[in-house]
Amino acid sequence: MKRTVEILGIPFYNVSQNAFVDELIDAAVNKERRFIVTANPEIVMHAQQDLEFNRAIQQADYIVADGIGVVKAAKSIGKPLKGRVTGYDTMLGLLEKANEMKMSVYFVGAKPNIIDKLIEHVKCEYKGIEIVGARDGYFTASDSEAIAEDILVNQADFVFLALGFPRQERWISTHLDKFDRGIFMGVGGSFDVLSGCTKRAPDFWVRFNLEWLYRILSQPSRWKRALAIPRFMLAMKKQRRHG
Ligand code: UDP
């Protein structure tokens, strides 16, 4: 039985960041298949209205709390989570171990110039990793099949998809049945950060749990998306009241 805490109908896996990476490495070593969703309040709110998306993410083996809002919500209902488990930190942890263990990785997502820079970076910083495939995230529905085929032929240990939500989770849920191995995870804007093209929030903002605010301030066009945060808090208040 997996230890989960349910927040607005979404079962969050209660695990620490490091233990989660170790668990995924074990699964990869055993040539198993895993689908991971890293969800923040925006994703939880989206899943309330978009039932097809909700079904797609409920297919995941793990949904983890990629957002301080989710961690606080769990605490407020008396079922605390061990902490945030972010897509970016999980990907970094997996890349480090994949490097040591000489495992293979497939990257799908982000703009063409970003994916080129990402490959250069990974080749230089993680010499033990075998990159078995990489392509940008601007493709048509028919390319989508071809990408799945290519991943299948190349038998990647890890497949990271940086297409933004809900696209990356939909892609994984649509194609998952074709695979019997591989760790599949949507990582949002992580390729932009890892390639060095976008800065992650400086430590100060991360430490004080203000990464969400940093993202709005550095990309003001995101403010509309941030409205999901107060909506999430309101929904949690209602859940506690009816509880
Ligand atoms: N993206 C993509 N294909 C698309 C739309 C977006 O590959 O059709 C990429 C985009 O270039 C960026 C990432 O998906 O690298 C989305 O980043 P964002 O910060 O919006 O993701 P979030 O973590 O907020 O879901």
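Everything here concerns the structure above.
Just so it is clear, the model here is predicted, and its values are computed rather than measured.

### A few points about the overall build of the protein
The number of helices and strands found in the protein is 13 helices and eight strands. Compactness check: the protein gives a C-alpha radius of gyration of 17 Å against a globular reference of 18 Å for 243 residues, within 12% of the reference. By principal-axis analysis of the C-alpha atoms, the protein measures approximately 50 × 40 × 35 Å. Across the 243 residues in the protein, those meeting the buried criterion constitute 49%. Considering only intrachain contacts with a sequence separation of at least 6, the fraction spanning at least 24 residues in the protein is 77%. Across the protein, the centroid of the 34 positively charged side chains sits 9 Å from that of the 29 negatively charged ones.

### Regarding the site of the ligand
Close to the ligand lie 16 residues, the nearest being Gly137, Tyr138, Arg167, Asp192 and Arg225. Contact distances for the ligand include 3.4 Å between an oxygen atom and a backbone N or O atom of Gly189. When isolated, the ligand has an accessible area of 550 Å², and the protein chains bury 76% of it. Of the residues belonging to the shell around the ligand, the class tally is five nonpolar, five polar and six charged.

### A closer look at the pattern of salt bridges
Under the counting rule described, the total for this entry stands at twelve salt bridges. Note that Asp22 is salt-bridged to Lys97, the shortest N-O span being 2.7 Å. Taken as a pair, Asp22 in helix α1 (residues 17–29) and Lys97 in helix α5 (residues 87–100) lie far apart in primary sequence, 75 residues in all. In this structure Asp22 comes out as partly exposed when scored by relative accessible area, which is 36%. Across the pair Arg225 and Glu42 runs a salt bridge whose closest N-O atoms are separated by 2.8 Å. You can see Arg225 sitting in helix α12 (residues 223–226) and its partner Glu42 sitting in helix α2 (residues 41–49), a full 183 residues away along the chain. Of the residues examined, Glu42 reaches a relative accessible area of 17% and is grouped as buried. Through salt bridges with shared partners, a single ionic network connects Asp66, Arg84, Asp89, Arg200 and Glu211.

### Concerning the side chain of Glu211
Note on placement: Glu211 falls in helix α11 (residues 211–218). Look past the residues within four positions of Glu211 in its chain and what remains in contact with it is Arg84, Arg200, Ala201, Trp205 and Val206.

### A short note on helix α4 (residues 68–76)
Along α4, the residues that are buried comprise Ile68, Val70, Val71, Ala73 and Ala74. Just downstream of α4, Gly78 is the residue with a positive phi angle, here 75°.

### Let's talk about the packing of α2 against helix α13 (residues 228–242)
Viewed as axis vectors pointing N to C, α2 and α13 meet at an angle of 70°, and their least axial separation amounts to 9 Å. The angle between the axes of α2 and α13 places the two elements in the roughly perpendicular class. Where α2 crosses over α13, the handedness of that crossing is left-handed. Contact residues: Pro41, Glu42, Val44, Met45 and Gln49 in α2; Ala228, Arg231, Phe232 and Ala235 in α13.

### Describing the environment of Val193
For Val193, the location among the structural elements is in helix α9 (residues 190–194). For the pair Val193 and Gly93, spaced 100 residues apart in sequence, the C-alpha to C-alpha distance is 15 Å. Among all residues touching Val193, those that are not within four sequence positions of it are Tyr88, Thr198 and Arg200.

Rules and cut-offs
- Residues numbered from 1 in each chain as written.
- Predicted model: local features only at pLDDT ≥ 70, side-chain atom pairs only at ≥ 80, totals over all residues.
- Heavy atoms only, no water.
- Helix = DSSP H or I, 4+ residues; strand = E, 2+ residues; numbered from the N terminus.
- Rg over C-alpha atoms; globule rule 2.2 N^0.38 Å.
- Buried < 20%, exposed > 50% of the residue type's maximum accessible area, 1.4 Å probe, protein only.
- Contact = heavy atoms within 4.5 Å.
- Lys, Arg positive; Asp, Glu negative; His and termini not counted.
- Charge placed at Lys NZ, Arg CZ, Asp CG, Glu CD.
- Near = heavy atom within 4 Å.
- Polar contact = N/O pair within 3.5 Å; in protein donor to acceptor, adjacent residues only side chain to side chain.
- Areas by Shrake-Rupley, 256 points an atom, 1.4 Å probe, with all protein chains shown as cover.
- Nonpolar A, V, L, I, M, F, W, Y, C, P; charged D, E, K, R; others polar.
- Salt bridge = Lys/Arg side-chain N within 4 Å of Asp/Glu carboxyl O.
- Axes fitted to C-alpha atoms, helices over the stretch in contact; angles between N-to-C directions.
- Parallel < 35°, antiparallel > 145°, perpendicular 65-115°, else oblique.
- Left-handed = near helix turned anticlockwise from the far one by under 90°.

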